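Next come the chains, spelled out residue by residue.
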Amino acid sequence: MEKKLIMFLFLLQLLSFNTLSLKHSSAKPNAKITVMGLVYCDICSNNSFSKHSYFIPGVEVRIICRFNSASSRTREMITFSANRTTNELGLYKLDITSLEGVACAAEAEKDSLMASCQASLIGSSKDSCNVPGFKTTTDQVVFKSKRSNLCVYGFTALNFRPLQKNLHLCGK
């Protein structure tokens, strides 16, 4: 249930950013890639989002992605590494606005962009919730739009927890 809630909230945030463009692709494709995820405070220290959990703004997250373009014309590997800070909704986001000549969501799988991404927690902005729970993730959901040559990589949520579990809120 918690994973469904987190994925639903993630999709709502994705849609609120209005990243799916309706532009037609040009003759030479330019892939647009977005890598994003959420960070929350796991108050009950059970690595799941509960009614007491909340999203944390101001968290530093390290994102590393390796993109392999395998097409009939070229074979390239591009690596991106960046630090991002979560916004007021606990969302971090890295936009890679243009990879020239790369089809993100190609018709044929052999011409598609292959990615390997990882997100890792660097530090919490909350002293009351600063013990890493899920501190690194490679698990992701990929949304691809052939029409706009857009790929969105959404990570599973990362989390911090308090030093001590609140037994009053969470029980034993």
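Everything below is about the structure printed above this text.
From a predicted model like this one, the values you see are computed outputs, not experimental measurements.

This part takes up the nonpolar core. Nonpolar side chains tend to gather and get buried jointly when the protein is soluble and globular. Formed by 24 residues in total, the largest nonpolar core has its most connected members in Val 35, Val 39, Val 61 and Tyr 92. With sequence-adjacent residues up to four places away left out, Val 61 is seen in contact with Val 39, Ala 82, Asn 83, Arg 84, Thr 86, Tyr 92, Ala 119, Ser 120, Leu 121, Ile 122 and Leu 158. Counting nine residues, the second-largest nonpolar core is a separate cluster that includes Phe 49, Leu 91, Val 152 and Ala 157.

Here we take up the pattern of salt bridges. Per the stated rule, a full pass over the model turns up one salt bridge. The salt bridge partner of Lys 93 is Asp 95, with a shortest N-O separation of 3.8 Å. The partly exposed category is assigned to Asp 95, whose relative accessible area is 41%.

Position of Asp 42 among the secondary structure elements: in the loop between strand 1 (30–41) and strand 2 (54–55). One buried charge, Asp 42, has no salt-bridge partner; the nearest side chain with opposite charge is Arg 161, at 4.9 Å. Within polar-contact distance, the side chain of Asp 42 engages the backbone nitrogen of Asn 46 at 2.8 Å. Every residue in contact with Asp 42, bar those within four places of it in the chain, is listed here: Asn 47, Ser 48, Ser 53, Cys 129, Asn 159, Phe 160, Arg 161 and Pro 162.

Cut-offs applied
Residues numbered from 1 in each chain as written. Predicted model: local features only at pLDDT ≥ 70, side-chain atom pairs only at ≥ 80, totals over all residues. Heavy atoms only, no water. Core = buried A, V, L, I, M, F, W, Y, C linked by side-chain atoms within 4.5 Å. Buried < 20%, exposed > 50% of the residue type's maximum accessible area, 1.4 Å probe, protein only. Contact = heavy atoms within 4.5 Å. Salt bridge = Lys/Arg side-chain N within 4 Å of Asp/Glu carboxyl O. Helix = DSSP H or I, 4+ residues; strand = E, 2+ residues; numbered from the N terminus. Lys, Arg positive; Asp, Glu negative; His and termini not counted. Polar contact = N/O pair within 3.5 Å; in protein donor to acceptor, adjacent residues only side chain to side chain.

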